[in-house]
Amino acid sequence: MEKILNYINGVLQEPSSKQYIDNYEPATGKVYSLVPDSDGQDVQLAVDAARGAFAEWSKTGLEERMMVMMKIADGIQSRFHEFVKAESKDNGKTIHLAAAMDIPRAISNFRFYASALQHFSSESHQTPGTAINYTLRQPVGIVGCISPWNLPLYLFSWKIAPALATGNCVVAKPSEITPYTAYLLSQVCIEAGLPKGVLNIVHGLGGKAGQAIIEHPEIKAISFTGGTETGKRIAATAAPMFKKLSLELGGKNPTLVFADCDFEETVAQTVRASFTNQGEICLCGSRVFVERSIYEKFKASFVARVKAMKVGDPNDSTTNLGAIVSKQHHEKVLGYIELARQEGGTILTGGNALKMDGRCSDGYFIAPTVIEGLDYNCRTQQEEIFGPVATLTPFDTEEEALTMANSVKYGLASSIWTNDLKRAHRVAEKIESGIVWINCWLLRDLRTPFGGVKASGVGREGGFEAMKFFTEAKNICIKS
Ligand code: NAD
């Protein structure tokens, strides 16, 4: 059985404990590799390596830093199909999606921040005749980056790239459920000549390796993406240590469909928003609110499209939805479908696990599920399911749509579908989310601020926001 290795001080190595965790392929339900069960000892080795590398890396010329990051991007590009296959196998997502979204985006993350570091600048403030102040933006030092399983390399690199670009040394941990592409990345970093200790990847469980990163006193900033409950625990540990914290957490995102939308495009895109990556994207629009005058027509068209989606082997190019990431998550999603039934919901399509033939007969599949007839305040409509489950709810007025949209504890993303420009602006302003898409979904520009409000997180990633997070602003005042 293949063993994934930690990447510490430029070397691929076993965990100190020599213990490993099983790594499953969700489409087959079979263990196919072993993940290091790292602990505080490995994190300490990573911190020692990062400390050793920091003095040089933080002073490395911008062009040199850019070149090595570009080489990492090129390294992923040159092994593109290997990365795509690995991401699909590890997560259960379709090969097609990994090739169209995950791996291209990981490459873009490195390229984007490699070029951004040449343009990142700081402010100066002049008081004529009195003084000039200028701001230095200095790297924080050793930073921790912890990412989830749903977009494994995409989100891992979204943190690592700005941290490296700004001159920090990194101790990073991918999800123990989807570690494989982070392992491939460590190989690419070695090939690209990233100086040893600049990036260290420690694999393992959240409560053990992850917690050791959070608790380590020399790790000065934590960039975390994951669940809201984990975010709370991380904040409770890190806040009293005065660490900088960026928390990208859960979502329960509303989709608001008004009667004047472009109907066919809206149905197509809202189905995509609900079910891409088996609904396992923090930005997925899982609560679809539809103006009553078009509700029945929309429902018929939405459900027809969902019924036409093919669930199956992620390797098959005709598959639309692959496997759910783990047995445990599969059970959680099915549990929510059962809850929806108990709460009086009507299942319009799906609502069950699916059994495949052949190599996927023990995989974790769920039919894409659409539910109506639920009160917007019930648990199914309030809690994050993070699976292929969407609810449809009619509304009569804009105010009612906003009340229902804003009723959840989360506030990550939303989408609004209308041709009334004034309404689009008005609703966008009032909706409680960090990201609003109008007549589109997941249309990304890497320069924009990314993040949520309420229980969806603290801080923003993206563009210069992430570079500000990974630097300390120091003001220097010179008397005229
Ligand atoms: P999770 O919180 O269980 O785990 C995320 C990461 O944190 C993993 O690497 C895990 O090992 C680690 N971890 C767990 N406990 C830890 C601890 N005590 N200390 C340090 N690290 C710890 O989340 P998940 O199940 O992997 O991912 C799904 C969640 O992520 C969903 O809630 C989803 O909405 C959220 N998410 C948010 C965004 C965003 O940008 N806001 C993006 C993707 C996913």
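In the block above lies the structure referred to throughout.
Scoring rules and cut-offs
Residues numbered from 1 in each chain as written. Predicted model: local features only at pLDDT ≥ 70, side-chain atom pairs only at ≥ 80, totals over all residues. Heavy atoms only, no water. 1 Å grid on protein atoms, 1.4 Å probe; cavity = no way out; pocket = protein on both sides within 12 Å on 5 of 7 lines; lining within 4 Å. Points joined across faces, edges and corners; volume = space filled by probe spheres on them. Helix = DSSP H or I, 4+ residues; strand = E, 2+ residues; numbered from the N terminus. Nonpolar A, V, L, I, M, F, W, Y, C, P; charged D, E, K, R; others polar. Domains from an automatic or database assignment. Expected span 1.5 Å × (residues − 1). Contact = heavy atoms within 4.5 Å.

Mind laying out the layout of surface pockets, listing which residues take part and the relevant values?
Where empty space is left in the structure can be found by rolling a water-sized probe over the atoms. The calculated volume of the largest pocket comes to roughly 1100 Å³. Lining the largest pocket are 40 residues; nearest its centre among them are Trp149, Phe224, Gly226, Gly227 and Thr230. For the lining of the largest pocket, the secondary structure elements donating two or more residues are α7 (206-215), β11 (219-225), α8 (228-238) and α11 (327-342). Residues belonging to the lining of the largest pocket are distributed by class as follows: 14 nonpolar, 17 polar and 9 charged. A domain-level breakdown of the lining of the largest pocket finds at least three residues from each of domain 1 (2-249 + 456-479) and domain 2 (254-445). Empty space within the second largest pocket amounts to approximately 400 Å³. Considering the residues around the second largest pocket, the lining is formed by 19 residues, among which Arg272, Phe275, Thr276, Met309 and Asn320 are closest to the centre. Secondary structure elements with two or more residues in the lining of the second largest pocket: α4 (95-116) and α9 (263-275).

Please provide a residue-by-residue account of α9, values included.
Spanning 13 residues, α9 covers 18 Å between terminal C-alpha atoms, matching the ideal 18 Å at 1.5 Å per step. On its buried face, α9 is in contact with β13 (253-257), β14 (285-291), α10 (292-307), β18 (369-372), β19 (389-395) and β21 (413-417). Positioned one or two residues after α9, Asn277 has a phi angle of 60°, which is positive.

Could you give an account of the side chain of Arg423, naming the residues involved and the relevant values?
Position of Arg423 relative to the elements: it lies in helix α14 (residues 421-430). Ignoring sequence-local partners within four residues, the contact set of Arg423 consists of Phe258, Asp260, Glu398 and Thr418.

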